[in-house]
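# Working through the structure, step by step
The primary structure of each chain is shown beneath.
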Amino acid sequence: MTDDGGASPQGGTNDGPTLREVANRCCKRIDVGAAVLPRPLFDADYDDACGRGEAKIAGATIEPASGDAAAECPLPDPSASGPNTTRYARTLSSEFNSVVIEHHLKWAPLCHSEPGPLEDLRPSERVGRYDFHHCDRMVDWALERGMRVKGHVLCWHVTTPSFVDKMSPGEVREQLRRHIFTTVGHFRGRIHMWDVVNESLAPDGSLADSVFLRKLGPSYIEDCFRWAHEADPGATLIYNDNKVEGMGGANAVKSDGFYRLLKDLKDRGVPVHGAGLQGHFSAGGTGRGRCPTPSMVRNQIRRLGQLGLKVNLSELDVRISKLPPDSDLRRSAQVAIYRDLVAAALAEPAFDGIWLWGFTDRHTWVRHFYYEDEPLILDGNYRRKPCYYGLREALGTLGPGGTVGGELGPFLESDRDADGTSWGSLWMQPEPEPEAGPKIEADSAGDSRPDWEQGRE
Ligand code: G3I
């Protein structure tokens, strides 16, 4: 499909400055980035093929695909495409000043992309065989366009090669160390910031069961940071987790655990420099899935900042499909979350970056892992949605003439406006009746999978 909607270089009927232009005018350096995937970035046919003929959520239509919708496509041939050949690429480089690689820089994809029958190899032979070519290509593409690159992620049990399960504790430790040195060393000078450890916390704030905890004990976390620091002493090193974005509320026990973990690492001199709050929000969520308020986000960032950490929103997206099917309501909720939570975050001096987990509803992990939804700031045809403007307004509060918090000032401390209306009252959903509602402790007991994998809202 080549129809851009005809109105802008990005491919939609768009107006006003891009997010990147607004970020450039902020009174401090703010990374405004998005997670990227190689296929839509380099392969226009794949980007077209992901179009769908119908939209199920807010009435927007994603233009029909020219080929099989969402077909299995091979990864792009590096020699086949020139620079910025896809709408995805053009939009990304005009809207953002940073990228993070959504999947391919994790341990398993780096190893599993080796050709040949991997089962024939003993683990110790196989783990040394890295294939960086997809990531090299994405990183170089971004750097050539003046964008920064955040590395995601060095240690995450979910995307760890299965051969690790069969290793002795000594081998696991050695291979984890080797993975970090190999990967950080490969990108030294190109990737300046790493998510070092991801989602190590259980819903109750303790360390979650994982192959690393079982084989190495709790010290695996600090070891990862020390190895990453040794591999690139100039890199900014981040601990990243989810359902830790707000202080207090239904996730207080986990966000307190997040704070305690980081405080302990800092107190003991471990080289950790930042905290990543993922920000996979669901506007209609209840219980532990309820979206935090601006003051909760601000308070969480403030206390992390007092530890001497930088703080970012690392995987922001906002699902709306659990709200009643009223497009005005869904639109308002999505605008409020993108605008007000980002404005609240930007109001804290420690806050220095936002990465969206994708940017167009044409390509979102939510559709594959959860359900049909439209969680991102551009629609499936790369047009700006109302929440795009909400996010841009929030960024503008740090621009010339902006005031920190902007019009949202009253909400940032109390979650109430001057009339006493509480934030989100229009669209936040009531908690279900107690007997039908989520039993948080019982739900969490014995389930060590990450929150997003447990399918809770
Ligand atoms: O690229 C391959 C393709 O070659 C293959 O044909 C196809 C077959 O299914 O898979 C493609 O890879 C998929 C990849 O996403 C790219 O789309 C993988 O199967 C799939 O497992 C992978 O999922 C990613 C997941 O992390 C695991 O890495 C999601 O895109 C990504 O959004 C998700 O991101 C995580 C963060 O890293 C951590 N926080 C939660 C977040 C959401 O789950």
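The shown structure was predicted, so the numbers you read here are calculated from the model rather than taken from an experiment.

What the protein chain contains, in helices and strands, is 17 helices and nine strands. Taken over 457 residues, the protein chain has a buried fraction of 59%. In the protein chain, the share of contacts with a sequence separation of at least 24, taken over all contacts with a separation of at least 6, comes to 79%. With the model as given, the accessible surface of the protein chain reaches about 17,500 Å², and the carbon-plus-sulfur share is 50%.

Glancing now at the nonpolar core. Core analysis: the biggest nonpolar cluster contains 110 residues, and L92, F96, W194, F225, L304 and I377 have the highest contact counts within it. No other element matches helix α13 (residues 327-346), which puts 11 residues into this core. For L92, the residues in contact, after removing those within four places along its chain, are A34, V36, L41, V99, W141, M147 and F359. In this structure, I238, W355, W365 and Y370 belong to the second largest nonpolar core, which totals 10 residues.

Neighbouring the ligand are 19 residues; E102, H103, K106, H152 and E199 lie closest to it. Between an oxygen atom of the ligand and a side-chain N or O atom of K106, the distance comes to 2.6 Å. Residue E199 places a side-chain N or O atom 2.7 Å away from a nitrogen atom belonging to the ligand. Of the residues in the shell around the ligand, the class split is six nonpolar, seven polar and six charged.

With that out of the way, let us pick up the packing of helix α8 (residues 169-187) against helix α10 (residues 220-231). Two numbers describe how α8 lies on α10: the axes approach to 9 Å, and their chain directions differ by 35 degrees. Pair α8 / α10 crosses with right-handed handedness. Along its contact with α8, which presents R173, L176, R177, I180, F181 and V184, the element α10 presents D223, C224, W227, A228, E230 and A231. Residues that form the contact of α8 with α10 fall into these classes: eight nonpolar, no polar and four charged.

With that settled, the discussion passes to α10. Helical geometry: 3.6 residues make up each α-helical turn, so side chains three or four residues apart lie on a common side. The first and last C-alpha atoms of α10 sit 16 Å apart over 12 residues, in line with the 16 Å expected at 1.5 Å per residue. Three or more residues of α10 are buried, namely Y220, I221, E222, D223, C224, F225, W227, A228 and A231. Its buried side turned inward, α10 meets β3 (148-155), α8, β4 (193-198), α9 (211-216), β5 (236-241) and α11 (252-267).

Time to look at the confidence of the model for the protein chain. Averaged over all residues, the pLDDT of the protein chain equals 85, while 80% of them reach at least 70. Segment residues 113-125: pLDDT under 50, and 12 contacts once partners within four positions in sequence are set aside and those in other chains are kept.

Once that is clear, we can look at the packing of aromatic side chains. Using the criterion set out here, one finds 14 aromatic pairs in the structure. Both rings, one in Y88 and one in F359, keep their centres 4.8 Å apart while their planes meet at 50 degrees; by these two values the pair is tilted. Pair noted here: Y88 is in helix α4 (residues 87-95) and F359 is in the loop between β9 (351-356) and α14 (365-369), with a separation of 271 residues, a long-range link. Pair check on accessibility: Y88 and F359 agree, each one buried. Taking 5.4 Å as the distance between ring centres and 90 degrees as the angle between the ring planes, the aromatic pair formed by F132 and F187 counts as edge-to-face. Of the two residues, F132 sits in the loop between α6 (123-126) and α7 (133-144) while F187 sits in helix α8, which places them 55 residues apart along the sequence.

Where burial is concerned, the two faces of strand β2 (residues 98-101) agree: the one with S98 and V100 and the one with V99 and I101 are both buried. Bridge analysis of β2 against β3 gives three bridges, and the strand direction is parallel. Note on β3: the bridge partner recorded for V99 is V149.

Conventions used here
- Residues numbered from 1 in each chain as written.
- Predicted model: local features only at pLDDT ≥ 70, side-chain atom pairs only at ≥ 80, totals over all residues.
- Heavy atoms only, no water.
- Helix = DSSP H or I, 4+ residues; strand = E, 2+ residues; numbered from the N terminus.
- Buried < 20%, exposed > 50% of the residue type's maximum accessible area, 1.4 Å probe, protein only.
- Contact = heavy atoms within 4.5 Å.
- Areas by Shrake-Rupley, 256 points an atom, 1.4 Å probe, with all protein chains shown as cover.
- Core = buried A, V, L, I, M, F, W, Y, C linked by side-chain atoms within 4.5 Å.
- Near = heavy atom within 4 Å.
- Polar contact = N/O pair within 3.5 Å; in protein donor to acceptor, adjacent residues only side chain to side chain.
- Nonpolar A, V, L, I, M, F, W, Y, C, P; charged D, E, K, R; others polar.
- Axes fitted to C-alpha atoms, helices over the stretch in contact; angles between N-to-C directions.
- Left-handed = near helix turned anticlockwise from the far one by under 90°.
- Expected span 1.5 Å × (residues − 1).
- pLDDT = per-residue confidence, 0-100.
- Phe/Tyr/Trp six-rings, centres within 6.5 Å; stacked < 30°, edge-to-face > 60°.
- Pairing = 2+ DSSP bridges.

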